[in-house]
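Close look at the chain arrangement
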Amino acid sequence: MKLAIVVTHPVQYAAPVFQMLAKKVELKVFYTAEEGNDYDKEFKREIHWDIPLLSGYSYEWIVDRTRIEQVSIYQPECLLIFGWAPKGHLQLLRYFKNKVKIVFRGDSTLLKKLPWWKEKLKELALTWVYHHVNDAIYVGTHNKAYFLKYGLKEKQLTFAPHAIDNDRFSFQQTASSLVREKLGLSTTATLVLFAGKFNDNKNVLGLLRAFIGISAQNTHLLFVGSGILEAQLKREAQQHQNIHFLPFQNQQAMPGIYQACDLFCLPSKSETWGLSINEAMACSKAVLVSDQCGAASDLVTAGNGRIFKSNKIEDLNKQLDYLLRHPLFLKEAGQRSFEIIRHWNFNVQAENIIKCLYA
């Protein structure tokens, strides 16, 4: 099998899988984003990851005007393409249809509702897009429902779970104590964590206001990251000494950040998945997530956390208050999180992708 993978840019959630696949098949990854453009508009800074993302597999940066030629020269037998919307991806889908086997990977869901006429137009457009695809790899329950709605059949679908490096996130106990010490937290304090981009879609202001409204004692909230709402968040939090901020943290620091908390919250208004949920669970943490997170129905059960209604700040407040009043449940829920997430790993993802390629 000679595999070409088309994806926008190197990310920490894909590189380890590419390394695993390279041991099983001949492959080359074609990156379609501009080489060297590391500025993240939402984090409002350049991002230089501190873990290797370009080792262990062959890769090439695509130039817009020669993208078809570059992939064609490689002469792949199969094309695995991540997403159709990025620049050049749909062109490659159309060109290679009926020339090689095309496998599609994306994580879109049906959770975000549109007016009926937009839904109809979307259905027509996406049904046309996916008729170029031989098979699709879905990441979870909501993603599978999406592919089925837009024309793919059950026999065309293969499950390969959204995953993170579980091992790397599981062992950072020393770093976690340093984080709590830096924040001035006692060993008995309960810490809620949000890590990510400070923007409206992440609903960080909703989390802040819900936390301010709880009555549970000896509790703290930590925001880690940056973004357009940073100044407003800090203004609203300035009278509350139990609300803390840390700037954007690189990959090697993040396991210690998660390990330091007792509860991780992802309150997003819309989230196709939410890999930060995986990361928190790998650190044996209880989770509180919005029902608009794609991961919610697969990863969050009554045993390891709670799901709240994303448009109801009073529900977020209620669930948050309950969890912070039950520290024993938080500890048990964290253990349950770890048991669940062990099965959502890179090995399973890579193995199932291989099965799909040869199906």
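Everything here concerns the structure above.
First, a word on what this report is: a plain description of the structure on this page. Computed from a predicted structure; not experimentally measured.

Attention now goes to the overall build of the protein chain. Helix and strand counts for the protein chain stand at 15 helices and 15 strands. By the compact-globule yardstick of 21 Å for 359 residues, the protein chain fits well, its C-alpha radius of gyration being 21 Å. Here the C-alpha coordinates of the protein chain stretch approximately 65 × 45 × 35 Å along the principal axes. The buried share of the protein chain, reckoned over its 359 residues, is 54%. Total accessible area computed for the protein chain in this model is approximately 16,800 Å², and 51% of it derives from carbon and sulfur atoms. Taking the 43 positively charged and 34 negatively charged side chains of the protein chain as two groups, their mean positions are separated by 5 Å.

If charged atoms from side chains of opposite charge come close, those side chains can pair. Scanning all chains against the criterion turns up 13 salt bridges. Notably, a salt bridge pairs Arg67 with Asp64, separated by 3.1 Å at the nearest N-O pair. Among the residues examined, Arg67 registers a relative accessible area of 10% and is labelled buried. One salt bridge in this structure joins Lys202 and Glu271, with 3.0 Å as the shortest N-O distance. Separated by 69 residues along the polypeptide, Lys202 in the loop between strand 10 (190–197) and helix 8 (204–212) and Glu271 in the loop between strand 13 (263–266) and helix 11 (275–282) bring together distant segments of the chain. For the pair Lys202 and Glu271, a shared accessibility class is recorded, and that class is buried. The network of salt bridges with shared partners includes Asp64, Arg67 and Lys87.

What counts, and at which threshold
Residues numbered from 1 in each chain as written. Predicted model: local features only at pLDDT ≥ 70, side-chain atom pairs only at ≥ 80, totals over all residues. Heavy atoms only, no water. Helix = DSSP H or I, 4+ residues; strand = E, 2+ residues; numbered from the N terminus. Rg over C-alpha atoms; globule rule 2.2 N^0.38 Å. Buried < 20%, exposed > 50% of the residue type's maximum accessible area, 1.4 Å probe, protein only. Areas by Shrake-Rupley, 256 points an atom, 1.4 Å probe, with all protein chains shown as cover. Lys, Arg positive; Asp, Glu negative; His and termini not counted. Charge placed at Lys NZ, Arg CZ, Asp CG, Glu CD. Salt bridge = Lys/Arg side-chain N within 4 Å of Asp/Glu carboxyl O.

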